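A structural walkthrough
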Amino acid sequence: MGALTWPADARPEVERLLKTYPRRRAALLPLLHLAQRIWGHVTDDAVALCAETVECSPADARGTASFYSMYHTHAPGRPHIRVCTNVSCQIRGADELLRVCERALGIKAGQTTPDGKFSLEEAECLGACDRAPLLMVNDDYVGPVDQGQVEALLKK
Ligand code: FES
């Protein structure tokens with residue numbers, strides 16, 4: 001048993017997720033989401049708990065958590081801004097939008113402002129290419145956006 005356990009009020013959801021799929025391992029992604037909702041990000045202990053719950057290796061669960069950009073292995077600032085720079089967004093100006101964000105916030109992609117308020121991240125396809133160029137602010141899609149809209153958003 002790892003250092004962390006599921007809080008009592010989360011256990012029914014854990015059981016529901018485990019019963020939803022024919023194989024326990026398939027519940028790993030939603031359990032990582034649940035852990036992130038509970039603890040704000042997926043700590044090493046939370047990843048180990050998810051691995052133990054679905055009976056896979058911690059390395060396997062860690063690999064999964066680090067592969068998907070929606071899982072945060074450290075506490076992001078709020079707002080957490082993710083700028084998609086994958087192909088559909090890139091050809092519609094995403095790289096410049098990322099530069100606009102970096103200049104406005106005074107940080108590089110992958111960093112959090114010194115006061116801990118804003119995190120900026122370059123993201124792979126966020127799954128809404130029809131709205132390119134696209135960014136996410138916390139869990140909300142914002143797009144298509146232009147530079148002026150991004151600057152206004154950051155000022156707000
Ligand atoms: S390429 Fe940006 S959302 Fe798909």
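Residues numbered from 1 in each chain as written. Predicted model: local features only at pLDDT ≥ 70, side-chain atom pairs only at ≥ 80, totals over all residues.

1. Observations regarding the sheet that holds strand β3 (residues 135-137)
Strands sit in the order β2-β1-β3-β4 across an open sheet of four strands; the sheet is mixed. Across the chains shown, the open sheet's two edge strands, defined by having one partner strand only, are β2 (119-123) and β4 (140-142). Here the average twist between neighbouring strands, direction ignored, is 25 degrees. Sitting on the sheet, helix α6 (residues 94-105) is in contact with β1 (80-84), β2 and β3, with an inclination near 155 degrees to β1. (Pairing = 2+ DSSP bridges. Helix = DSSP H or I, 4+ residues; strand = E, 2+ residues; numbered from the N terminus. Axes fitted to C-alpha atoms, helices over the stretch in contact; angles between N-to-C directions. Contact = placed C-beta atoms within 7 Å.)

2. Focus: the packing of helix α2 (residues 28-39) against helix α3 (residues 44-54)
It is the contact of α2 with α3, at a shortest axis distance of 10 Å, that shows an interaxial angle of 145 degrees. Along this stretch, α2 crosses α3, giving a crossing that reads as right-handed. Of α3, the residues touching α2 (which contributes L28, L31, L32, A35 and W39) are A46, L49, C50, T53 and V54. Considered class by class, the residues forming the contact of α2 with α3 number nine nonpolar, one polar and no charged. (Left-handed = near helix turned anticlockwise from the far one by under 90°. Nonpolar A, V, L, I, M, F, W, Y, C, P; charged D, E, K, R; others polar.)

3. Examining the pairing of β2
Of all the five residues making up β2, four are buried; the element is thus mostly covered by neighbouring parts of the structure. Where β1 lies against β2, five bridges are found, and the strand directions are parallel. Within β2, the position partnered with H80 by the bridge is S119. (Buried ≥ 20, exposed ≤ 12 C-beta atoms within 10 Å, placed from the backbone.)

4. A few points about unusual backbone geometry
Note: most peptide bonds trans; most residues except glycine with negative phi. Residue P133 follows A132 across a cis peptide bond; omega there is -5 degrees. Residue placement: P133 occurs in the loop between β2 and β3. Each neighbour pair has its own omega, and for G143 with P144 the value is 0 degrees, a cis peptide bond. With respect to the helices, strands and loops of the structure, P144 is situated in the loop between β4 and α7 (147-155).

5. With respect to the confidence of the model for the protein chain
Of the residues in the protein chain, 99% reach a pLDDT of 70 or more, and the chain-wide mean stands at 92. Between the elements of the protein chain, mean pLDDT differs from a low of 90, seen in α7, to a high of 97, seen in helix α1 (residues 11-20). (pLDDT = per-residue confidence, 0-100.)

6. Observations regarding the pairing of β1
Most of β1 is tucked away, with four of its five residues classed as buried. Pairing of β1 with β3 involves three bridges; the strand directions are antiparallel. Bridged to R82 within β3 is M136.

7. Let's talk about the domain arrangement of the protein chain
The domain architecture assigned to the protein chain consists of domain 1 (8-67) and domain 2 (80-155). Inter-centroid distance (C-alpha atoms) of domain 1 to domain 2 is 28 Å. (Domains from an automatic or database assignment.)

8. Describing the nonpolar core
Within the largest apolar cluster, 19 residues are counted, with the highest numbers of intra-cluster contacts made by V83, C84, L97, C101 and L135. Elements with a minimum of two residues in this core: β1, α6, β2 and β3. Those residues within four positions of V83 in sequence are excluded, and the remaining contacts are A94, L97, L98, C101, E122, A123 and L135. Judged by nonpolar contacts, the second largest core, of 16 residues, contains V14, L49, A51 and V54. (Core = buried A, V, L, I, M, F, W, Y, C linked by C-beta atoms within 7 Å.)

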